[in-house]
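Given next are the chains, with one letter for each unit.
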Amino acid sequence: MAEIRLKNVSKRWHNFVGVNNFDLDIADREFLVLLGPSGCGKTTTMRMIAGLDDISEGEIWLGDRMVNNLEPKDRDISMVFQSYGLYPNMTVYENIRFPLRVRKVPKELHHEKVMQAARMVELVDFLERRPAALSGGQRQRVALGRAIVRQPAAFLMDEPLSNLDAKLRVSTRAQIKNLQHTLKVTTIYVTHDQIEAMTLADRVVVMNRGVIQQVGTPTDIYDNPANTFVASFIGSPAMNLVSGDIENGTFRGPGITIAGLQTNVKGPVTLGFRAEDASLVSEGGEFGAEVYSMELLGEATMASFRIGDQLVSIKSGKEYRAEIGDVVHAAIPASICHLFDTDTGVRIARTPGN
Amino acid sequence: MPHKAFFAFIMPSLLAMLLFIALPIVSVAVQSLYVQHERVVTEVETCAPFAGCTTETRVDAEATEKLRHAEPLGRFNGFGTYLDRNHLATAEIGAILADNAGFADIASRIYNLPFYRALAFTLTYTFVVTPLAMLLGFCIALGVNAIPPFYKGPVIFFSLLPMIVTPLVGALILYWMSSPQGILGATLQSLLNDPTLSLKSSAVLTWVTLLVYGIWHNAPFSFVVFYAGLQTVPHDTLESAMIDGANRWERIRFVVIPHLMPLATFVALVQLMDNFRVFEPIVGFSAEANATSLSWSIFNDLRGQVDQLFGSAAATSMLTIVGVVILLSPVLVRTWREFNRR
Amino acid sequence: MIVKKRRRPLPLTVLSTTFVLLWVLMAAFPFIWTVWGSFKVEQDFFSRDSWWFAIEGPRTIAQTGSAFTGDGYYGAWVLRDFFSSVVNTIIVTVSVVVISLTFGTLGGYALARSGYRYTFWLLMLALVFRAMPHITLVSGYLLPFFEMNIWGHLPTAIIVLVAINQPFTLWMLHSFFLSIPKDLDESAMVDGCSRFQAFRMVVIPVMWPGVITTGLFSFLLAYNDFAVTAMLLSQPNQTMVPKIASFLGTIQQEGNVMFAVAAVVSATAPLFVLVMFFQRQIVSGLTAGAVKG
């Protein structure tokens, strides 16, 4: 049980920067998710915490120990790998027992601990099998069982669900959430899947190109994205982003005019809004264009429009129907809109009272 | 993996290679600059009654031994050994070029110099055996690929034998068979109706025998690699070629061969390296009268009946190493370029 | 498969089958012939009259009373002490294989797991070393070994063969280690192993196929070597191959070629057995280098 602190951690290979100036405190028992596209440095960050990659700059603290120069085995963490890293020559039982064996835990405790872990991950019936004789979901649970068999200071999970099929992913996700709640161990979880991030995390760290974009609760990140990257990365569909000009609180873009925005900005900006916040109307509204495509999602209908080189999507009720090519209007009230700086992509904060 | 762990792991291997491969190369380079001592000669005057006194030169064995013991390397000779008659023979080449009777004369006279004789055979062997063995191996692979699966195992088993057998032993077996009293030699004699025919008697026949042996010995390697490559030819590409209307030969030409190209490069590289050091067959076939190779010349110097000619062997070794580096240079340059592009 | 065969035109099938048969004959016949002939007397195996004698062996019958004789083997093994060179060969090959694999697995593992640039240069260096003709290296050893008084002993030849073998072993094991997922040793390290423990307890147990295959090739190199063993071993320490070579020098005059034939067959027999049992590994070993390299 420990808090984890990363102080200005960087990772460089030659002239390539993998992680740049990562600075974060992770509270004890927190479930933290590192989220980002592939190559954004999230896995590297986790591997530096595990001690599998060395740190170019900065310090990593586990509890009250600075662990920069410690071997992975001395860091008291456990890790679940993307492809599980099971030992193919050992049975499930031996796989789960392995950490106890090499850490010289007294032999008489082994059986009880292994059985306890096996029960938690529902593997009691498979203990004598080898990994090759297990299904993907079972292998994944062996990896989990091996991680929880001892009480480490922290769990690290590197995209543990990415090799499972969609259905299994949902149930295993719930199992992981439950395990973490029961065991109360600080957990760092790496994923590129925003739904996993939203459902599991106490806090999410969104990363891109080695840099932290935003840290916050899932709601925070969804409702108040810090920049256009986060806005376009989180949510399905991603937030609509339209470029245009703003003057006196009125935004004008191709086919779109929205009044009542903040008055302290002037010039080119990027306007963002979520598909489900806007609504399709028959007349008037802030926006009108030809339908580019219609998608039936089951619980809703989504209409998309082409504006310049951007695709704008707007959700409507499941009964809504329109043909491709029909001209449709949409209501986009100022209250659902976010403004971003066109050059830097950074969110333009609302002035109080606006 | 951190540097420290890396070097701890690789140290034994690296040390072995540095001590017994890199250092010997240095040792060869140094040795090649020295030649063995001349015998220490003393003049002894013997006076016999009535005959008067005669001075006689004698080898002072004891002093020679002492000198050799004190300076085992021999005396410094600079690049002298490289240029002498047994190596690059610059003076002789100059003389031949200055005074000759046409191209054939130049060629035959240069061929009579030991180093060029060895070089000629080594290069011929390397560049004839390698492509022919690869071609044969490829054909066998195509053939074996087409036979029923049940027979493949035994066929591969017998095919491996010529490669796996000790080169000297393989050469001996073929040598015995091709001697006039052996089955091949005797059959050839009766086929050509020439009872005096012997593969050893003429240089050309000896060369041909050695080349045939080389192909026999090298083909299985190409066969195995190409055969394994044939198993991984992409089925989809093959089938889409069929739908596109390619006939059997076109499918081989446009799908199979391009797929095997990287393997062919690898096989060619390995076989060039191995064939360049051709040595055992010459011993096995007792062919030294008609064909020598660079490796054999070194062996011969070292095995010298009277003296071991370390300096001479070392100089040939250095020249051989230069040859190897030239042979490898296209590969090294290419890999280096590819590596830098990454 | 059946559909495919039906499509193949008959002449082509006949041609390719004949070709394969011809090749198998070419590959196997010399060995069968020599094994058969090794049980004859010299006048039959090297008959001046007809090679048919080597098959029927009339002179063998005349001289020994039976169509087969073990005289060649008796002469080689007992009279000419081939036996001691067999013992030397066993010592040399076993030691070379064991030491090569120990060094090679450690080094190959390091090369496969380190992401730094120098691994590339080390592999290239190994490739250059691999290309060095063995006899040139031998000419570098002889004088220093004489001076250090370590010439002629088995350990000297063993360590030299190990070193000569290293470049190849490193390449091969390196490519086998690359095929083992990195996750395996990393999870072992997170679970509490040091780097070496992870190597020993987790990686090596799944590496056996690669180790066996590489071991086979180390064995072949040590077993088949002539240049090193012929030059670096003293007469009583000779291994089989130089022993056979030295037979050639002396026996031919004495008219005892059959000793050499028997020795040759004796030296080839273990290789037959090896190919029979390890055919799959040899094939996979030859291709492992090719596919990765």
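Residues numbered from 1 in each chain as written. Chains lettered and ligands numbered in written order. Predicted model: local features only at pLDDT ≥ 70, side-chain atom pairs only at ≥ 80, totals over all residues. Heavy atoms only, no water.

It is worth spelling out the packing of aromatic side chains at this point. Applying the stated rule across the entire model yields 51 aromatic pairs over all chains. Ring geometry for B:Phe115 and B:Tyr116: centres 5.4 Å apart, planes at 85°, overall edge-to-face. Taking relative accessible area as the criterion, B:Tyr116 reaches 21% and is therefore assigned partly exposed. Ring centres of C:Phe177 and C:Phe199 lie 6.3 Å apart, and the angle between their planes is 40°; this geometry places the pair in the tilted category. In this pair, C:Phe177 is assigned in helix α10 (residues 154-178) and C:Phe199 in helix α12 (residues 195-224), connecting sequence segments 22 residues apart. Here the aromatic residues B:Tyr175, B:Tyr213, B:Trp216, B:Phe285, C:Phe31 and C:Phe272 are joined through ring pairs into a cluster of three or more. The aromatic ring of A:Tyr87 is capped on one face by A:Arg146, whose charged end is 4.7 Å from the ring centroid. (Phe/Tyr/Trp six-rings, centres within 6.5 Å; stacked < 30°, edge-to-face > 60°. Buried < 20%, exposed > 50% of the residue type's maximum accessible area, 1.4 Å probe, protein only. Helix = DSSP H or I, 4+ residues; strand = E, 2+ residues; numbered from the N terminus. Lys NZ or Arg CZ within 6 Å of the ring centre and 35° of its normal.)

Residues and elements named next belong to chain A. For strand β11 (residues 240-247) and strand β14 (residues 267-273), the ladder comprises seven bridges, and the chain directions are antiparallel. Each residue of the ladder has a partner; that of Gly244, found in β14, is Val269. Two strands pair when backbone bridges link them, and β11 and strand β12 (residues 250-253) are joined in this way by three bridges, in the antiparallel orientation. Bridge assignment links Asp245 to a residue of β12, and that residue is Arg252. In this antiparallel pair of consecutive strands, β11 and β12, the connection spans two residues, and Asn248 shows a positive phi of 50°. (Pairing = 2+ DSSP bridges.)

Every contact between the two is made by 93 residues of chain B and, on the other side, 96 residues of chain C. Considering only the side of chain B, the residues that lose the most area to chain C are B:Met1, B:Phe9 and B:Trp176, jointly responsible for 9% of the buried surface there. Connecting chain B to chain C are one salt bridge. Across the salt bridge formed by B:Asp274 and C:Arg130, the nearest N and O atoms sit 3.1 Å from each other. At the boundary of chain B with chain C, the tally comes to 14 residue pairs in polar contact (both at pLDDT 80 or more). For the side of chain B that touches chain C, the element with the most residues is helix α1 (residues 3-31) of chain B, which contributes 18 residues. (Contact = heavy atoms within 4.5 Å. Buried area = accessible area lost by both parts, 1.4 Å probe. Salt bridge = Lys/Arg side-chain N within 4 Å of Asp/Glu carboxyl O. Polar contact = N/O pair within 3.5 Å; in protein donor to acceptor, adjacent residues only side chain to side chain.)

Our next topic: the domain arrangement of chain A. Residues and elements named next belong to chain A. In terms of domains, chain A is made up of domain 1 (4-227) and domain 2 (229-341). The interface of domain 1 with domain 2 comprises 17 residues on the first partner and twelve residues on the second. Across the interface of domain 1 and domain 2, roughly 1,200 Å² is buried in total on both sides, 69% from carbon and sulfur atoms. On the domain 1 side of the interface with domain 2, the three residues burying the most area are Gln194, Tyr222 and Asn227, jointly 46% of the side's total. The tally of links from domain 1 across to domain 2 stands at zero salt bridges. There are six residue pairs in polar contact (both at pLDDT 80 or more) connecting domain 1 and domain 2. Residue assignment for the side of domain 1 that touches domain 2 shows that the elements contributing at least two residues are α6 (194-200), β9 (203-208), β10 (211-216) and α7 (218-223). For the side of domain 1 that touches domain 2, the residue count by class is nine nonpolar, seven polar and one charged. (Domains from an automatic or database assignment. Nonpolar A, V, L, I, M, F, W, Y, C, P; charged D, E, K, R; others polar.)

Before going further, it helps to examine the domain arrangement of chain B. Much of the literature gives interface size as the accessible area that the parts lose upon coming together. Residue and element names in this part refer to chain B. We note that the domain assignment places domain 1 (59-112) and domain 2 (115-341) within chain B. The C-alpha-based centres of domain 1 and domain 2 are spaced at 32 Å. Contact residues are listed per partner, giving eleven residues for domain 1 and 13 residues for domain 2. Of the roughly 1,100 Å² buried between domain 1 and domain 2 on both sides combined, carbon and sulfur atoms contribute 63%. The three residues of domain 1 that bury the most area against domain 2 are Tyr82, His87 and Tyr111, which together make up 58% of that side's buried surface. Inspection of the domain 1/domain 2 interface yields zero salt bridges. Where domain 1 touches domain 2, the interface holds three residue pairs in polar contact (both at pLDDT 80 or more). Secondary-structure elements contributing two or more residues to the side of domain 1 that touches domain 2 are α3 (80-83) and α5 (103-111). Residues that form the side of domain 1 that touches domain 2 fall into these classes: six nonpolar, four polar and one charged.

One side chain can pair with another of opposite charge once the charged atoms of both are near each other. Residue and element names in this part refer to chain A. This structure, assessed with the given rule, holds 16 salt bridges over all chains. Among the ionic pairs, Asp76 bridges to Arg150, the shortest N-O distance being 2.9 Å. Separated by 74 residues along the polypeptide, Asp76 in the loop between β5 (65-66) and β6 (77-80) and Arg150 in the loop between α4 (136-148) and β7 (154-158) bring together distant segments of the chain. We classify Asp76 as partly exposed; its relative accessible area is 28%.

Counting contacts across all two pairs of chains that touch, the top pair turns out to be chains B and C. Kept free of each other, chain A and chain B leave a smallest C-alpha distance of 8 Å between them.

Looking now at the sheet that holds strand β2 (residues 16-26) of chain A. Residues and elements named next belong to chain A. Strand order across the open sheet formed by four strands is β2-β1-β4-β5, with antiparallel pairing between neighbours. Unpaired on one side and paired on the other, β2 and β5 mark the two borders of the sheet. Where strand β4 (residues 57-62) lies against β5, two bridges are found, and the strand directions are antiparallel. The residue bridging Leu62 from the neighbouring strand is Arg65, located in β5.

Time to look at the interface of chain C and chain A. Contact with chain C, which involves 18 residues of that partner, is made by 27 residues of chain A. Across the interface of chain C and chain A, roughly 1,800 Å² is buried in total on both sides, 60% from carbon and sulfur atoms. When the buried surface of chain C facing chain A is broken down by residue, C:Asp183, C:Val190 and C:Asp191 rank first, second and third, together holding 35% of it. Taken together, chain C and chain A are joined by two salt bridges. Here A:Arg146 makes a salt bridge to C:Asp191, at a shortest N to O gap of 3.4 Å. Scanning the region where chain C abuts chain A turns up nine residue pairs in polar contact (both at pLDDT 80 or more). When contributions to the side of chain C that touches chain A are tallied by element, the ones reaching two or more residues are α11 (182-190) and α12 of chain C. The element best represented in the side of chain C that touches chain A is α11(C), accounting for seven residues.

With that settled, consider the pairing of strand β8 (residues 186-191) of chain A. Residues and elements named next belong to chain A. Most of β8 sits inside the fold, with six of its six residues counted as buried. Of the two faces of β8, the one carrying Thr186, Ile188 and Val190 and the one carrying Thr187, Tyr189 and Thr191 are both buried. Looking at chain direction, strand β3 (residues 31-35) and β8 are connected through five bridges and run parallel. In the sheet register, Phe31 faces β8, and the bridge partner there is Thr187. As judged from the five bridges shared by β7 and β8, these two strands associate in the parallel manner. By the bridge assignment for β8, Asp158 is matched with Val190. Taken together, β7, helix α5 (residues 166-183) and β8 form a β-α-β motif whose crossover is right-handed. (Right-handed = clockwise from strand over helix to strand, strands pointing away.)

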